[in-house]
Amino acid sequence: WEVRPEFQKEFISLWSGWLGKENLHKLDQVTEAEWERFNTLLALIFERYEVFIANPGEGTTQKVMRASELMQTYSEAMAKDGSKFTRLVIPELNCALTEDWDFTYILWHKSGSTIAALAPLIEQAQLYHFG
């Protein structure tokens, strides 16, 4: 399962830009409350849009029926490997949202209107986005 090359990336993070080597220590200082902002974002997205979970191994998607299906505890999130990262599709916005390393999600989109639609939710969740 790969996102098509015509999609652009917008990064969603706890920080307003890349940390750089001099600030990598901040990754080890992320609190459970800070990490919980990603669950907040997922809940906000679920309230407004139909969301589907991508199942890469099967090549399918499945509609998310409850926001709780998207939620993870801090411990669960910290213990999983990259093959278990969340991969979502939001058809109405023609985009995908994938969990990545370093407390980052990637918004895969084709137009700025997708970013404009999600920016208020990202900010409401006290997260940042940058391209």
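Residues numbered from 1 in each chain as written. Predicted model: local features only at pLDDT ≥ 70, side-chain atom pairs only at ≥ 80, totals over all residues. Heavy atoms only, no water.

Our next topic: the packing of aromatic side chains. Using the criterion set out here, one finds 7 aromatic pairs in the structure. On the basis of an interplanar angle of 75° and a centroid distance of 6.4 Å, the ring pair of Trp-15 and Phe-103 is categorised as edge-to-face. Highlighted residues: Trp-15 in the loop between strand S1 (8–13) and helix H1 (32–48) and Phe-103 in the loop between strand S5 (95–100) and strand S6 (104–109), separated in sequence by 88 residues. Like Phe-103, Trp-15 is buried. Note on Phe-85 and Trp-101: the rings are 4.8 Å apart at their centroids and 65° apart in plane angle, and the pair reads as edge-to-face. Here Phe-85, found in the loop between helix H2 (74–79) and strand S4 (87–90), pairs with Trp-101, found in the loop between S5 and S6; they are 16 residues apart in sequence, far enough to count as distant. Phe-85 gets classed as buried once you look at its relative accessible area, which sits at 10%. The class of Trp-101 is exposed, set by a relative accessible area of 51%. Joined through ring pairs, the aromatic side chains of Phe-11, Trp-18 and Phe-130 make up one cluster. (Phe/Tyr/Trp six-rings, centres within 6.5 Å; stacked < 30°, edge-to-face > 60°. Helix = DSSP H or I, 4+ residues; strand = E, 2+ residues; numbered from the N terminus. Buried < 20%, exposed > 50% of the residue type's maximum accessible area, 1.4 Å probe, protein only.)

Along strand S2 (residues 52–55), the buried face is formed by Phe-52 and Ala-54; none of Ile-53 and Asn-55, which line the opposite face, is buried. Pairing geometry for S2 and strand S3 (residues 60–63), over 4 bridges, is antiparallel. Bridge assignment links Asn-55 to a residue of S3, and that residue is Thr-60. The hairpin turn running from S2 into S3, its antiparallel successor, is 4 residues long, and Gly-59 in that turn takes a positive phi close to 70°. Judged from the 2 bridges that link them, S2 and S4 form a sheet pairing that is antiparallel. Counterpart to Ile-53 in the pairing with S4 is Leu-88. (Pairing = 2+ DSSP bridges.)

All right, on to the sheet that holds strand S7 (residues 128–130) then. Strand order in the open sheet formed by 7 strands is S3-S2-S4-S5-S6-S1-S7, with antiparallel pairing between adjacent strands. On the outer flanks of this sheet lie S3 and S7, each paired with one strand and no other. Within this sheet the neighbouring strands show an average axis-to-axis angle of 30°, counted without direction. In the sheet, S4 pairs with S5 via 4 bridges, with the strands oriented antiparallel. Counterpart to Val-89 in the pairing with S5 is Ala-96. Relative to S6, helix H3 (residues 112–124) is tilted by about 150°, and along the sheet it contacts S1, S5, S6 and S7. (Axes fitted to C-alpha atoms, helices over the stretch in contact; angles between N-to-C directions. Contact = heavy atoms within 4.5 Å.)

A word on the nonpolar core. Ile-12 and Ile-45 are the most contacted members of the largest nonpolar core, which has 31 residues in total. Among the elements of the structure, H1, S4, S5, S6 and H3 are those that each provide at least two residues to this core. A total of 6 residues in this core trace back to one element, the largest contributor, which is H1. Residues within four places of Ile-12 in sequence aside, it is in contact with Phe-38, Leu-41, Leu-97, Phe-103, Thr-104, Tyr-105, Leu-107, Ile-122, Leu-127, Tyr-128 and His-129. Listed in part, the 6 residues of the second largest apolar core include Ala-96, Ile-106, Trp-108 and Phe-130. (Core = buried A, V, L, I, M, F, W, Y, C linked by side-chain atoms within 4.5 Å.)

Coordinates in, geometry out; function isn't part of it.
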